[in-house]
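Structural characterization, general
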Amino acid sequence: MKPAIRGIAVNTFRESARNKMFYLLVFFGILFALSSKLVSFLTLGDAMKVLKDTGLAAINFFCVLIAIFTGINLVYKEIEKKTVFNILSKPLSRDEFIAGKFLGLALTMLTALGAMAVIFFAFVAVSGGGFDLGILLYFFMLYLELLVIVAISLLFSSFTTPILSFIFTVSLYLIGQVMWTFNEFKDYLAIPLWRVFTQGLYYLLPNLHKFNIKNEVVMGTAIDPWSVLFSVLYALAYVLALLALTVLIFRRREFQ
Amino acid sequence: MTRRRWLAVAALSGLLLAAGMQQRYDSTVDYFGERSAFVSLPPGKTLRILSFGYRNLVADMLFIWSIQFYSTYNIRNRFDFIERVYDTITDITPEYKEPYIIGSLIMAHEAQDVPMALRLLDKGSRLNPGEWIFDHDAGFYCYKYLKDYTKAEEYYNRAAANPGAPVFIKRMKAHLVYLRDDPEVATRMWLDIYRSAEDTLTRDSAFNHLYQIKAETDLPLLRERIVEYQRRYRRLPAALSDLARAGLVREVPRDFSGNEYIYDPAVGTVTAQRIFRWKKR
């Protein structure tokens, strides 16, 4: 890795890690994950299932919040505070700046998710659930999902305000979770052009549903290794495409 | 008074006022009185979409809510939408077993609607191939509430066909055959269980059932032959072997343990050494 990119990445990580919001969200993620024990007391039958469902959902939710809140501010703040002038005046290209920002955010997400995952693993083991390898696979898939979200928020952060970035990123996140309905929806469309349009959107918008293997992991149903492999490749390709688009926009931006 | 004190007084007064209003509000609501409730739920598929990737959590929350709701006995119309509620939960996560089991239990036991419970269990069985518990529960409800032993046997047949089905399903099936008055087939089934038993519990259970079925077949025959003997010789037989000597039976049947049945020559009664009242219909 180029030293310039590494420098930006490390600084981005430090900056995110110093943010109070980051700690607050990690804290609440852990708190809600642990409080899944209380929810599991209320059910009848398999309490471990409810504990895992609630805990994983809490970790998922707070990690997505961290990804969005950290991502939407990153580039915008540099532009707003005019620190971008200082950075870009150094022997560093705009492409490297974006790559560094993304890698720093990816490291931040890894730290946040890692902290929550370790605590949750220990919690499940103490609660009698043992060491569930499926949960480890779920966290890996969640990390891929978070990388896509980070890339989306970084894209919006490069050309619009944090509020609009937040709205756009959340919208894309929600759409991404229900992309599986698009395939069914297009069959209801009578006009072929609409069907082509819907099909186009299906491939264009982020399909985040594939990373969500909570149900399979908790219910212990089989996970196709090929689908995992394709999801990994999808995430890498989609992140690459988003970063390229971000760089394209950022290159054209003029700072005043 | 300083500004800080004013603020403290204002905060305290506000809290007191709020507590007073809460008390007034409580006097208008009868929390524990009989009331009615209406449940409005979007269809399962819609909720699955609206859960935005958190469908397990939504199903869990709905299930936990349903347990609390159907345990609130002062809601008089609480069973009005029960089928819809459990259909929705099982539409969101068809693999979640507990809603089928608990839902059907509430339907059969509390709402006393066994056909509804069977519909839910049928759905569970259809959506979870290879799972025996739903057919087992359905069989039990047919046996316990409907007294429909043929239908119960069908369910137990389906349950027993699943690879992971426990041995007691086979026992339950044989018992149902016995209950629908087919002692010959029931004997064959119990003998099969008895011979292939791998544990004492199964073997003892099969033994007891075989003992019961044999006694239920032998005793009426012996009683009938004793009456015939008395009609023919104007006295009761001195021992059961008299029946064989008189040619009324080819040989005196013995119980499944190989022991003779207990005969009282003074009154002419014949009984088995062991009686299993718990197996009576």
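Residues numbered from 1 in each chain as written. Chains lettered and ligands numbered in written order. Predicted model: local features only at pLDDT ≥ 70, side-chain atom pairs only at ≥ 80, totals over all residues. Heavy atoms only, no water.

**Here's the deal with the overall build of chain A**
Our working rule: Each helix is a run of H or I in the DSSP string that is no shorter than four residues. Each strand is a run of E no shorter than two, and both are numbered from the N terminus. Restricting the calculation to C-alpha atoms gives the radius of gyration, and the globule rule supplies 2.2 Å times the number of residues raised to the power 0.38. To sort residues, take the accessible area from a 1.4 Å probe on protein chains only and compare it with the maximum for the residue type: under 20% means buried, over 50% means exposed, and anything in between is partly exposed. Any two residues whose heavy atoms approach within 4.5 Å at even a single point are treated as in contact. In these tables, accessible area is a Shrake-Rupley quantity obtained with a 1.4 Å probe, and a residue counts as shielded only by the protein chains included in the view. Under the convention used here, Asp and Glu are negative, Lys and Arg are positive, and both His and the chain ends fall outside the count. Taken as the charge centre is NZ of Lys, CZ of Arg, CG of Asp or CD of Glu, depending on the residue.
Summing up its helical and strand segments, chain A has 12 helices and zero strands in all. If you list the helices and strands of chain A from N to C, you get α-α-α-α-α-α-α-α-α-α-α-α. Expected size for 256 residues packed as a compact globule is a radius of gyration near 18 Å; at 20 Å, chain A falls within 12% of this value. Along the longest, intermediate and shortest principal axes, the C-alpha atoms of chain A span 60 × 50 × 30 Å. In chain A, buried positions account for 50% of the 256 residues. Considering only residue pairs separated by 6 or more positions, chain A has 81% of its internal contacts joining residues 24 or more positions apart. When the accessible surface of chain A is summed, it comes to about 12,600 Å², and 72% of that surface belongs to carbon and sulfur atoms. Across chain A, the centroid of the 21 positively charged side chains sits 10 Å from that of the 14 negatively charged ones.

**Section: the pattern of salt bridges**
The condition is simple: Salt bridges are defined as contacts in which a side-chain nitrogen from Lys or Arg sits within 4 Å of a carboxyl oxygen from Asp or Glu.
A complete count under the given rule lists 17 salt bridges over all chains for this structure. For A:Lys101, the salt bridge is made with A:Glu15, and the minimal N-O distance between the two is 3.9 Å. In this pair, A:Lys101 is assigned in helix α6 (residues 94–129) and A:Glu15 in helix α1 (residues 3–18), connecting sequence segments 86 residues apart. Across the salt bridge formed by B:Arg78 and B:Glu110, the nearest N and O atoms sit 3.7 Å from each other. With B:Arg78 in the loop between α3 (55–70) and α4 (82–92) and B:Glu110 in helix α5 (residues 97–110), this pair connects stretches of sequence that are 32 residues apart. Salt bridges sharing common partners tie together A:Lys49, A:Asp53 and B:Asp60.

**Here's the deal with the side chain of B:Ser51**
Put simply, the rule reads: Polar contact is the term for a pair of N or O atoms within 3.5 Å; when the atoms are in protein, one must be able to donate a hydrogen and the other to accept it, and sequence-neighboring residues count only if both atoms are side-chain atoms.
With respect to the helices and strands, B:Ser51 occurs in the loop between α2 (44–50) and α3. In terms of polar contacts, B:Ser51 uses its side chain to reach the backbone carbonyl oxygen of B:Arg48, at 2.8 Å.

**Some points on unusual backbone geometry**
Residues other than glycine predominantly adopt negative phi, and peptide bonds predominantly adopt the trans conformation. Residues and elements named next belong to chain B. Located in the positive-phi region is Phe 52, a residue other than glycine, with phi close to 45 degrees. Relative to the helices and strands, Phe 52 resides in the loop between α2 and α3. Classification of Phe 52 by relative accessible area gives partly exposed; the value is 24%. Phi angles above zero are rare outside glycine, and Gln 112 is one such case at about 50 degrees.

**Section: the interface of chain B and chain A**
The figure often quoted for interface size is the accessible area lost as the parts come together. Short version of the rule: Put simply, buried area is the surface a 1.4 Å probe can reach on two separate parts but cannot reach once they are joined, added for both. For this classification, Asp, Glu, Lys and Arg are treated as charged, while Ala, Val, Leu, Ile, Met, Phe, Trp, Tyr, Cys and Pro are nonpolar and the rest, including Gly, are polar.
With 20 residues of chain B in contact, the opposing surface of chain A contributes 25 residues. Of the roughly 2,000 Å² buried where chain B meets chain A, counting both sides, 64% is carbon and sulfur surface. When the buried surface of chain B facing chain A is broken down by residue, B:Phe52, B:Tyr54 and B:Asn56 rank first, second and third, together holding 30% of it. Across the chain B-chain A interface, the total number found is one salt bridge. For B:Asp60, the salt bridge identified is with A:Lys49, shortest N-O distance 3.0 Å. Summed over the shared surface of chain B and chain A, the number is 11 residue pairs in polar contact (both at pLDDT 80 or more). For the side of chain B that touches chain A, the secondary structure elements donating two or more residues are α2, α3 and α5 of chain B. Per-class residue counts for the side of chain B that touches chain A are 10 nonpolar, four polar and six charged.

**As for the domain arrangement of chain B**
Worth spelling out the cut-off: For the domain bounds, the source is a domain assignment made automatically or taken from a database.
Segmentation of chain B into domains returns domain 1 (33–165) and domain 2 (220–279). Measuring from the centre of the C-alpha atoms in domain 1 of chain B to the corresponding centre in domain 2 of chain B gives 51 Å.

**So, the packing of α3(B) against α4(B)**
Residues and elements named next belong to chain B. Basically, it comes down to this: Note on method: axes are straight lines fitted to C-alpha atoms, helices fitted across the in-contact stretch only, with angles between N-to-C directions ranging 0 to 180 degrees. Put simply, angles under 35 degrees are roughly parallel, angles over 145 are roughly antiparallel, angles from 65 to 115 are roughly perpendicular, and the rest are oblique. For any helix crossing, the convention is left-handed if the near helix is rotated counterclockwise from the far helix by under a right angle, and right-handed if that rotation is clockwise.
α4 packs onto α3 with a crossing angle of 155 degrees between their chain directions and a minimal axis gap of 9 Å. Classed by the angle they form, the pair α3 and α4 counts as roughly antiparallel. By crossing handedness, the relation of α3 to α4 is classed as left-handed. Between α3 and α4, the contacting residues are Arg 55, Val 58, Ala 59, Leu 62, Phe 63, Trp 65, Ser 66, Ile 67 and Tyr 70 on the first element and Ile 82, Val 85, Tyr 86, Thr 88, Ile 89 and Ile 92 on the second. Partitioned by chemical class, the residues of the contact of α3 with α4 number 12 nonpolar, two polar and one charged.

**Some thoughts on the packing of helix α6 (residues 114–127) of chain B against helix α8 (residues 149–160) of chain B**
Helix-helix packing is characterised by the crossing angle of the two axes and by the distance between the axes. All names here are of chain B. Relative orientation of the contacting elements α6 and α8 amounts to 20 degrees, with a least axis distance of 13 Å. Between α6 and α8, the crossing angle belongs to the class labelled roughly parallel. Between α6 and α8 the crossing geometry is left-handed. Listed contacts from α8 to Leu 118, Asp 122 and Ser 125 of α6 are Lys 151, Tyr 155 and Arg 158. Looking at side-chain class alone, the contact of α6 with α8 contains two nonpolar, one polar and three charged residues.

**Observations regarding α4(B)**
Burial in α4(B) covers these residues: B:Ile82, B:Val85, B:Tyr86, B:Thr88, B:Ile89, B:Thr90 and B:Ile92. Residues of α4(B) that are buried sit in contact with α2, α3, α5 and α6 of chain B.

**Structural notes on the confidence of the model for chain A**
Put simply, the rule reads: As a per-residue quantity, pLDDT reports the predictor's confidence and falls between 0 and 100.
Averaged over every residue, the pLDDT of chain A is 85; the share at 70 or more is 99%. Put simply, helix α5 (residues 83–88) of chain A is where chain A has its lowest mean pLDDT, 72, and helix α7 (residues 133–157) of chain A is where it has its highest, 91.

**Quick notes on the packing of aromatic side chains**
Each pair of aromatic rings is reported with the distance of its centres and the angle of its planes. Rules: In summary, the pairing rule links any two rings of Phe, Tyr or Trp, Trp by its six-membered ring, whose centres are within 6.5 Å, and it sorts them by plane angle into stacked for under 30 degrees, edge-to-face for over 60 and tilted for everything else. Any Lys NZ or Arg CZ found within 6 Å of a ring centre and within 35 degrees of that ring's normal is scored as a charge over the ring.
Counted according to the given criterion, the structure contains 28 aromatic pairs over all chains. Between A:Phe97 and A:Phe250, the aromatic rings sit 5.3 Å apart at their centres with planes inclined by 15 degrees, giving stacked as the arrangement. Within this pair, whereas A:Phe97 is found in helix α6, its partner A:Phe250 is found in helix α12 (residues 225–252), the two being separated by 153 residues in sequence. Comparing A:Phe97 with A:Phe250 shows no difference in burial state: the two are buried. Members of the aromatic cluster, connected to one another through ring pairs, are A:Phe27, A:Phe28, A:Phe32, A:Phe61 and A:Phe62. The ring centre of B:Tyr96 lies 3.7 Å from the NZ or CZ of A:Lys49, which sits over that ring. Just above the ring of A:Trp180 sits the side chain of B:Arg48; from NZ or CZ to the centre is 5.6 Å.

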